[in-house]
Amino acid sequence: MPMQSETEGKVIANEPQVHSASSGNHRASRAWLVGGIVFLVVAGIVVSGILHRVRVHAAVSTETAAMAVPLVNVVSPQRTAPSHELVLPGNVEPYMTAPIYSRTSGYVKKWYVDIGARVIKGQLLTEIDTPEVDQQLQQSRSNLATAEANLRLAEITRNRYQELLKTNAVSQQDADNAVGTYNANNSIVQANQANVKQLETLQSFEKIYAPFDGIVTVRNVDIGDLINSGSTPGTKTDLFHIAQPGKLRVYIYVPQEYSQDATPGLTAELTLAEFPGRRFPGKLVRTANAINNATRTLQVEVDVDNPTGKLLSGSYAEVHLKLPGLASTHLLPVDTLLFRSEGLQVAVVKDGKVLLTQVTPGHDFGNQIEILSGLSGNESVIQNPPDSVLSGQQVQIANAASPSGAGAGQ
């Protein structure tokens, strides 16, 4: 029994040692597990940060590359329909017009017509009182009478001396002196006659008559006004303006590109704001046959019959000129144009790149301009292109639009 008890005591004494070793191994395993988890968490955080940085860098690179390509707005040229009508502004002027001046100086005695009055050729317009001319004429007539008296006496003396010379009663020298005196007095008479005629002509200008049938458009005189003759240096006074409204001249300026088609004989029509819906027929009668260096236009005259006088001289009108063979053109906003030393250009986008294209302008309609050549009509033209734009530069199109107000020039 004692031996059994001792053996049991030894077994019981060894049991705590086995249990302690097992617990140590378990704690070591747990530490390794926790360390691995921490390592994985830290590694995940590091890898996640690196991946985020890579993604941000890629996004920034992509955005930078996208921003490096300019974003532009484009428009498409709009083709205008072929037309045989060219519309140009014109000034309506009377076929005949004249300012009326006085040919003698004096004071207005009376006037007989006012503005708007219809006058006929030779009708009295006004009378001028010319006291100085009247006095000069009276004096000149007196001088003429004296010269004529002297001439008659010289003639008698000459005739007498010539008769006496036949009987040698006088010398040849005395006869020659008598003839010379007669000739001198004859010249004095002729000079005085010319002076009288000149003053009589000036006196006849006291009455001013209408030079042709027409309408008085201006009256600048009143009774008592001092009038200077048209030949007097200094300020000249035009007494009246007379215009002939039965036929009107309309002057227009045709652009150089149409000058070869603007030939005499073409038909034209006038439209005026005060006659909506009405057209007045006219005819192109003559051209200047020369291009104006300043405007590069050809001056053209269109005659319009105005028997009723409805059309007023001085009016503004639009002239619809029937020109043959006008081709279709294109319209572009004016903000698409580039003014370079090479000439007028537009920036066209083709395959994502800029292509600078030379164009020929036509009519300027304000916000739009006509393009005569250089475009086919299917281009994408950049609006408001920067001055630094170059051919071959990459761009990105933001939108595509057509110019508004198409057909402004039609």
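Refer to the structure above for everything that follows.
A quick note: this is a predicted structure, and the numbers were derived from the prediction, not measured.

Generally speaking, soluble globular proteins have nonpolar side chains that are buried together. Grouped together as the largest cluster of nonpolar side chains are 25 residues, with contacts concentrated most on Val250, Ile252, Val254, Leu270, Val300, Val302 and Leu321. Within the residue set of this core, elements represented by two or more residues are β3 (85-101), β10 (238-255), β11 (267-271), β12 (280-291), β13 (297-305) and β14 (316-322). Apart from residues lying up to four places away in sequence, leucine 270 is in contact with Val92, Val250, Arg278, Arg279, Phe280, Val304, Ala317, Glu318 and Val319. One finds Val113, Phe212, Val216 and Val221 within the second-largest nonpolar core, a separate group that totals 16 residues.

Take the packing of aromatic side chains next. Using the criterion set out here, one finds 1 aromatic pair in the structure. Summarising the aromatic geometry, the rings of phenylalanine 275 and phenylalanine 280 are spaced 5.3 Å apart at their centres and angled 75° between planes, so their arrangement reads as edge-to-face. Residue phenylalanine 275 shares its accessibility class with phenylalanine 280, and that shared class is buried. Positioned over the ring face of tyrosine 95 is lysine 247, at 5.3 Å from the centre of the ring. Of note, arginine 249 hangs over the ring of tyrosine 95, and the distance from its end group to the ring centre comes to 3.9 Å.

Both strand β19 (residues 360-364) and strand β20 (residues 368-373) contribute to a ladder of 3 bridges, which runs antiparallel. Across the sheet, the residue bridging to aspartate 364 is isoleucine 369, located in β20. Linkage of β19 to β20, two consecutive antiparallel strands, is achieved through a turn of 3 residues, within which glycine 366 is found at a positive phi near 95°.

Between its first and last C-alpha, helix α2 (residues 131-166) extends 53 Å over 36 residues, near the 52 Å set by a 1.5 Å rise per residue. Buried residues of α2: Val133, Leu137, Ser140, Leu144, Ala147, Leu151, Ala154 and Arg158, and no others. Directly beyond the C-terminal end of α2, a positive phi value near 60° is found at asparagine 168.

Thresholds, definitions, all that
- Residues numbered from 1 in each chain as written.
- Predicted model: local features only at pLDDT ≥ 70, side-chain atom pairs only at ≥ 80, totals over all residues.
- Heavy atoms only, no water.
- Core = buried A, V, L, I, M, F, W, Y, C linked by side-chain atoms within 4.5 Å.
- Buried < 20%, exposed > 50% of the residue type's maximum accessible area, 1.4 Å probe, protein only.
- Helix = DSSP H or I, 4+ residues; strand = E, 2+ residues; numbered from the N terminus.
- Contact = heavy atoms within 4.5 Å.
- Phe/Tyr/Trp six-rings, centres within 6.5 Å; stacked < 30°, edge-to-face > 60°.
- Lys NZ or Arg CZ within 6 Å of the ring centre and 35° of its normal.
- Pairing = 2+ DSSP bridges.
- Expected span 1.5 Å × (residues − 1).

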